Amino acid sequence: MAPSNGLKRVDVIFGAYASTKYLILQKSIRREKQEIIQDIIDSGLRGRGGAGFPTGLKWKFAAAQPGNEKYVICNADEGEPGTFKDREILMKVPQKMISGMAICAYVIGATKAFIYLRGEYQFMVPDLQKELDNFHEQAREMNFDLTIELRMGSGAYVCGEETALIESMEGKRGEPRNKPPFPVVEGFHGKPTVVNNVETFVNANMICRIGVEEFIKLGTQDSRGSKLFSISGDTPKAGVHELELGMKLSDFVAEFGDDDTKAVQVGGAAGFCVPRKKFDTTIIGFEGMPTGGSMMLFNSSRSMYHVLHNYLEFFEEESCGQCTPCRVGCQQLLLGIEAIKKQERPASYLNQLLKLSETMKIASKCGLGQSVANSFSSIVENYVEEMIY
Amino acid sequence: MNQIQPYVRSLADKYGRERECLLPILQEIVATEHVLSQDAMVEVARELNLSAAEVYGTASFYSFLNTEPYGKYVIRVCKSIVAEMKGKKEIVDKLCDILKIKVGETTPNGKFTLLETNDIGWSDQEPSMLINEKPYTYLTPEKIVQIIAEYQANGKSNNHQQIN
């Protein structure tokens, strides 16, 4: 277990620097593309949407693809329960995100980019469009050829999965594709495409501004940089907080809990439930428990059965239905825990449900079905009594 | 409906006739008509040279593209676990009480539709809801009375909920 570095607050994502003149972009497009890619790789930046793929490698793969029709997509389909950090970026510092997208477009050689915004954030469109208009004006002055378009989601959680997102952008049902091929090889319209989370682009922009050396001072070896956390539930400090990665969950709870924290759900419904007894041994970061930033706190007045039931209802509704393990699995898990609660099934049936969730993990087509087991097994195994009685 | 044909054509002129233009077109129809009627879908299919089944199949995938008529104002109350913990039930009960409908129903005058929806991105400020695209947060039953009264009076609430 890596040592905890305590809880360190940071203020760079929303920090003072946000240029409507896109000065970082201006500076970056005079640099060698390879040099920028190397910086992003050396920074150790990993995707902030939850999956944590190394950003620099993604850009490198896309840049290495032949052809000159390539795309950059910003995944602003923030739909994981308990996540709202991208909302704050989109509302407060969209320039930083747009600048990061433009730098990415420059290094991979794309002239067209998109922001895929969840339908629930429709209210942001006027302000975002205004900023995009400004960006296009600045880009013209720099002689930099890039058009960024807004595309809207329509209330489908699975579209946050990058290949489902691409399907949706192509005007189809948002059903995930098989991977490989990955979007960096065959993405939007079958062309090389980088899909990154909102916060990831902000980080990439930040690395171009402050340099790799400054950036890697934040976080730990395996989890470089800071991270926005969406903190909600039984906490007196609900909101978006920027913290260095690599902290112990116990430090986190000491700061954000209500002195009665029973469990923390790390990473949303698709993430893991950590019970009190494991707060001290759980590290938040890629060396321990990675997260897209959703942290839901539950105190001892909460029924973990209700929590799990809520998550399963969510998955059952949002499963795209394309593959059987996920479509049927989500339904059966939900019906299963209800049956045990009503004593229509014996407690031992839980073991069968756990097996089912393991099957879903390996047999489901995309991250949605694969991750149901995370919350299911971590809640069931830690709170067996609450499931039964 | 006679005017649906020129309307859909104008949307296709605006967004284009490629497959990727389908969602923006359907989204705008729902925003203005509050429903994606069969006639509209058939017309979109014709304009984009797709089968009506393709259009319906795509539309029915997305929860915001309703093929059943909704009211002028669609209320979507967040039903995430955090919303539940913060009193979602009282909010929904109050809405049902005022509007005299159940979740999933539309008022007889066609003004309001009441729905529950998955996380809308305001877990730090629950309970929350959307009325059409506009978010309302830190809801209380008292606030609900006020918000709905404003929609009933002016058609649209002027009380811009502050979103920080």
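Residues numbered from 1 in each chain as written. Chains lettered and ligands numbered in written order. Predicted model: local features only at pLDDT ≥ 70, side-chain atom pairs only at ≥ 80, totals over all residues. Heavy atoms only, no water.

Enquirer: In this structure, what is going on with empty space enclosed by the protein? I would like to understand it.
Expert: Where empty space is left can be seen by rolling a probe of water-molecule size over the atoms. All names here are of chain A. One pass over the structure, following the stated rule, counts 4 cavities of 30 Å³ or more. Lining the largest cavity are Val-158, Pro-176, Ser-319, Cys-320, Gly-321, Gln-322, Cys-323, Cys-326, Lys-365, Cys-366 and Leu-368. Here the lining of the largest cavity is composed, by residue class, of 7 nonpolar, 3 polar and 1 charged. (1 Å grid on protein atoms, 1.4 Å probe; cavity = no way out; pocket = protein on both sides within 12 Å on 5 of 7 lines; lining within 4 Å. Points joined across faces, edges and corners; volume = space filled by probe spheres on them. Nonpolar A, V, L, I, M, F, W, Y, C, P; charged D, E, K, R; others polar.)

Enquirer: What exactly am I supposed to notice about the packing of aromatic side chains here?
Expert: Here the distance between the centres and the angle between the planes together describe a pair of aromatic rings. If you walk through the whole model with that rule in mind, you get 15 aromatic pairs over all chains. With a centroid separation of 5.1 Å and an interplanar angle of 70 degrees, the aromatic rings of Phe114(A) and Phe188(A) are classed as edge-to-face. Here the residue Phe114(A) occupies a position in strand β2 (residues 112-117), and Phe188(A) occupies one in the loop between α7 (162-169) and β4 (193-197), the gap between them amounting to 74 residues. In this structure Phe114(A) comes out as buried when scored by relative accessible area, which is 1%. Linked through ring pairs, Tyr73(B), Phe112(B), Tyr136(B) and Tyr151(B) together constitute an aromatic cluster. Over the ring of Phe256(A) we find Lys237(A); its NZ or CZ atom is 6.0 Å from the centre of that ring. For the cation-ring pair, Arg76(B) lies above Phe64(B), with the distance from its terminal atom to the ring centre recorded as 4.0 Å. (Phe/Tyr/Trp six-rings, centres within 6.5 Å; stacked < 30°, edge-to-face > 60°. Helix = DSSP H or I, 4+ residues; strand = E, 2+ residues; numbered from the N terminus. Buried < 20%, exposed > 50% of the residue type's maximum accessible area, 1.4 Å probe, protein only. Lys NZ or Arg CZ within 6 Å of the ring centre and 35° of its normal.)

Enquirer: Please explain the layout of surface pockets as it appears in this structure.
Expert: Approximately 860 Å³ is the volume attributed to the second largest pocket. Residue lining of the second largest pocket: 35 residues in total, with Gln122(A), Gln27(B), Glu28(B), Val30(B) and Ala31(B) positioned closest to the centre. Mapped onto the lining of the second largest pocket, the elements with two or more residues apiece are α6 (125-142) and β3 (147-152) of chain A together with α1 (4-15), α2 (22-33) and β1 (73-78) of chain B. Element by element, the count of residues in the lining of the second largest pocket is highest for α2(B), at 6 residues. Along the lines of polarity and charge, the residues of the lining of the second largest pocket split into 14 nonpolar, 11 polar and 10 charged.

Enquirer: What exactly am I supposed to notice about the interface of chain A and chain B here?
Expert: With 52 residues of chain A at the contact, the number on the chain B side is 33 residues. Between chain A and chain B we count 3 salt bridges in total. The salt bridge partner of Glu317(A) is Lys79(B), with a shortest N-O separation of 2.5 Å. Counting every contact that joins chain A to chain B gives 25 residue pairs in polar contact (both at pLDDT 80 or more). Elements that contribute at least two residues to the side of chain A that touches chain B include exactly α4 (85-92), β3, α7, β5 (226-233), β11 (294-299) and α10 (304-318) of chain A. (Contact = heavy atoms within 4.5 Å. Salt bridge = Lys/Arg side-chain N within 4 Å of Asp/Glu carboxyl O. Polar contact = N/O pair within 3.5 Å; in protein donor to acceptor, adjacent residues only side chain to side chain.)

Enquirer: Could you clarify how one ought to interpret the pattern of salt bridges in this entry?
Expert: Between side chains of opposite charge, a pair can form when the charged atoms approach closely. Residues and elements named next belong to chain A. On inspection of all chains with the given rule, the structure shows 38 salt bridges over all chains. The shortest N-O distance in the salt bridge between Arg-31 and Asp-39 comes to 2.7 Å. Each of the two residues, Arg-31 as well as Asp-39, counts as buried. Where salt bridges share partners, they join Lys-58, Glu-161, Glu-162 and Lys-179 into one cluster.

Enquirer: Looking at this model, I keep getting lost on the nonpolar core. Mind explaining?
Expert: Side chains that are nonpolar tend, in soluble globular proteins, to be buried together. If you look at the biggest cluster of nonpolar residues, it comprises 75 residues, and the most contacted ones within it are Met304(A), Phe315(A), Phe376(A), Ile379(A), Met387(A) and Ile29(B). The greatest single-element share of this core, amounting to 8 residues, is contributed by α10(A). With near-sequence residues (within four places) excluded, Ile379(A) lies in contact with Gln265(A), Cys273(A), Met304(A), Val307(A), Leu308(A), Tyr311(A) and Met387(A). Counting 64 residues, the second-largest nonpolar core is a separate cluster that includes Ile29(A), Met152(A), Val194(A) and Ile120(B). (Core = buried A, V, L, I, M, F, W, Y, C linked by side-chain atoms within 4.5 Å.)

Enquirer: Just checking my understanding: could you explain the pairing of strand β8 (residues 261-266) of chain A for this structure?
Expert: Where a strand is regular, its side chains alternate between the two sheet faces. Residues and elements named next belong to chain A. Where burial is concerned, most of β8 is hidden: 6 out of the 6 residues are buried. In terms of strand pairing, β8 meets β11 through 5 bridges, oriented antiparallel. When the sheet's bridge partners are listed, Val-264 is paired in β11 with Leu-297. Linkage of β8 to strand β9 (residues 272-275), two consecutive antiparallel strands, is achieved through a turn of 5 residues, within which Gly-267 is found at a positive phi near 95 degrees. (Pairing = 2+ DSSP bridges.)

Enquirer: Can you walk me through the sheet that holds β5(A) in this structure?
Expert: Sheets are built from strands paired through backbone hydrogen bonds, the pairs being either parallel or antiparallel. All names here are of chain A. The strand order across the open sheet built from 5 strands is β6-β5-β11-β8-β9, with neighbouring strands paired in mixed fashion. Looking at strand neighbours, the two that pair on one side only are β6 (239-244) and β9, the edges of this open sheet. This sheet shows a mean twist of 30 degrees between the axes of neighbouring strands, independent of strand direction. Relative to β11, β5 runs parallel, the two being bridged by 4 bridges. (Axes fitted to C-alpha atoms, helices over the stretch in contact; angles between N-to-C directions.)

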